[in-house]
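# Structure at a glance
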Amino acid sequence: MGSHTDSLPTPATPAGRDGLDAILTRPDRAVLVFDFDGTLAPIVPDPDQARPHPDAVPALAALAPKVAAVAVLTGRPAGVAVRQGGFAGVPGLDHLVVLGHYGAERWDARTATVTAPAPPPGVAAVRAELPGFLDEIGAWRGTWIEEKGRALAVHTRRAEDPQAAFDALRGPLADLAARHGLIVEPGRLVLELRPPGMDKGVALLEYVRETGAEAVLYAGDDLGDLAAFAAVDKLRSDGIEGLLVCSGSDEVKELADRADVVVAGPAGIVGLVRALTRRLSHE
């Protein structure tokens, strides 16, 4: 397991060690992809206030010129992630790509524009129904809705018993989503209602294949990142080396159990990025 230091951890699995070795020996064929909330940015009660760890963007900017590509893959709208992440106009991140809404939106630093298809009608229907729905089932107190453009998220972190509220809402929200052709993506005390057919795994596979990479690092912290971990497993079976990194917390154990490397939250991610940069600077 990693720590707050800037040492390069040894992956716990043979596949992870092969992935790290491929990144270090063939950095010009390696892509590094990071989740935003909980990975680059600490989890906060109000997602609108989320910002990257103070050293995260400088660390990524130092690493990016040494590898084939760096990307951010998030459930947030791409433009929101760019604004809150402070990614635009950063020297070193001239080729950064932000894949928002699980890959349905894309921001490219080279053009500074977001491309996205029109949102499906089910999102608008749920947007209209959700406040009354929460009130009707007695779940309004302590919960709140986050508007995400192509999705809506119900947070329970402010409830008197956040986990109990999360557990009680999961089934009813799944039923509501299904009536409108949507699915529910559970996260860290948040349930997101969004269109099916696009997740972090699909987006990661498409992006890695687009780049022609021979090695990939993916770092995440939440249940939604399990699909990206599965995508790395698929890429490994296709001959592309991979390294799975978990930005660890006490709230999500499943990801840590699947990871090759576990670090201590966004500070640990910064330490890992710095360690990679230092190693690549001396190769």
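Anything mentioned here points back to the structure above.
Residues numbered from 1 in each chain as written. Predicted model: local features only at pLDDT ≥ 70, side-chain atom pairs only at ≥ 80, totals over all residues. Heavy atoms only, no water.

Within this structure, the stated rule accounts for 1 cavity of 30 Å³ or more. Around the largest cavity, the lining comprises 27 residues; the ones closest to its centre are D37, I43, K148, V190 and D222. Looking at the lining of the largest cavity, the elements with two or more residues in it are β7 (152-155), β8 (183-186) and β9 (190-194). Tallied by class, the residues present in the lining of the largest cavity amount to 9 nonpolar, 5 polar and 13 charged. (1 Å grid on protein atoms, 1.4 Å probe; cavity = no way out; pocket = protein on both sides within 12 Å on 5 of 7 lines; lining within 4 Å. Points joined across faces, edges and corners; volume = space filled by probe spheres on them. Helix = DSSP H or I, 4+ residues; strand = E, 2+ residues; numbered from the N terminus. Nonpolar A, V, L, I, M, F, W, Y, C, P; charged D, E, K, R; others polar.)

Right, let's talk about the sheet that holds β9 for a bit. Spatially, β6-β7-β9-β8 is the arrangement adopted by the 4 strands of the open sheet, whose pairing is antiparallel. Strands at the two margins of the open sheet, each flanked by one partner only, are β6 (144-147) and β8. Each adjacent strand pair in this sheet contributes to an overall mean axis angle of 25°, direction not counted. Sheet analysis places β8 next to β9, joined by 4 bridges and oriented antiparallel. What sits directly across from E185, in β9, is E192. The strands that helix α4 (residues 121-136) touches are β6, β7 and β9; relative to β7, the one it contacts most, it runs at about 20°. The strands touched by helix α5 (residues 162-179) within the sheet are β7, β8 and β9, with β9 carrying the most contacts at an inclination of about 5°. (Pairing = 2+ DSSP bridges. Axes fitted to C-alpha atoms, helices over the stretch in contact; angles between N-to-C directions. Contact = heavy atoms within 4.5 Å.)

Moving on, we get to the packing of helix α2 (residues 56-63) against helix α9 (residues 265-281). Axis separation between α2 and α9 bottoms out at 9 Å; the angle between their running directions is 25°. In this view, α2 runs roughly parallel relative to α9, as classed from their interaxial angle. Regarding α2 and α9, the two cross each other, and that crossing is left-handed. Taken together, the residues of α9 that come into contact with α2 (itself represented by A56, A59, L60, A62 and L63) are V270, V273, R274, L276, T277 and L280. Grouping the constituent residues of the contact of α2 with α9 by class yields 9 nonpolar, 1 polar and 1 charged. (Parallel < 35°, antiparallel > 145°, perpendicular 65-115°, else oblique. Left-handed = near helix turned anticlockwise from the far one by under 90°.)

It is worth spelling out the side chain of R188 at this point. Note that R188 resides in the loop between β8 and β9. For R188, a relative accessible area of 13% corresponds to the buried category. Side chain to side chain, R188 and D221 meet in a polar contact 2.4 Å long. In contact with R188, other than residues within four places in its own chain, are G38, I43, R157, D221, D222, S249, E251 and V252. (Buried < 20%, exposed > 50% of the residue type's maximum accessible area, 1.4 Å probe, protein only. Polar contact = N/O pair within 3.5 Å; in protein donor to acceptor, adjacent residues only side chain to side chain.)

Attention now goes to the pattern of salt bridges. The full count for this structure, using the stated rule, is 18 salt bridges. For R188, the salt bridge identified is with D221, shortest N-O distance 2.4 Å. Here R188 is found in the loop between β8 and β9, whereas its partner D221 is found in the loop between β10 (215-220) and α7 (226-237), with 33 residues between them in sequence. Residues K234 and D238 are paired through a salt bridge, measuring 2.8 Å at the closest nitrogen-oxygen approach. Assessed through its relative accessible area of 37%, K234 is described here as partly exposed. (Salt bridge = Lys/Arg side-chain N within 4 Å of Asp/Glu carboxyl O.)

In terms of burial, strand β2 (residues 69-73) is a largely internal element, 5 of the 5 residues being buried. Neither face of β2 is open: one carries A69, A71 and L73, the other V70 and V72, and all of them are buried. For the segment spanning strand β1 (residues 30-34), α2 and β2, crossover handedness is right-handed. Of the strand pairs in this sheet, β2 and strand β3 (residues 97-100) are connected by 3 bridges, and their pairing is parallel. Across the sheet, residue L73 finds its bridge partner in β3, namely L99. The parallel pair β2 and β3, bridged by helix α3 (residues 78-85), forms a crossover whose chirality is right-handed. (Right-handed = clockwise from strand over helix to strand, strands pointing away.)

Keep in mind these values describe shape, not function.
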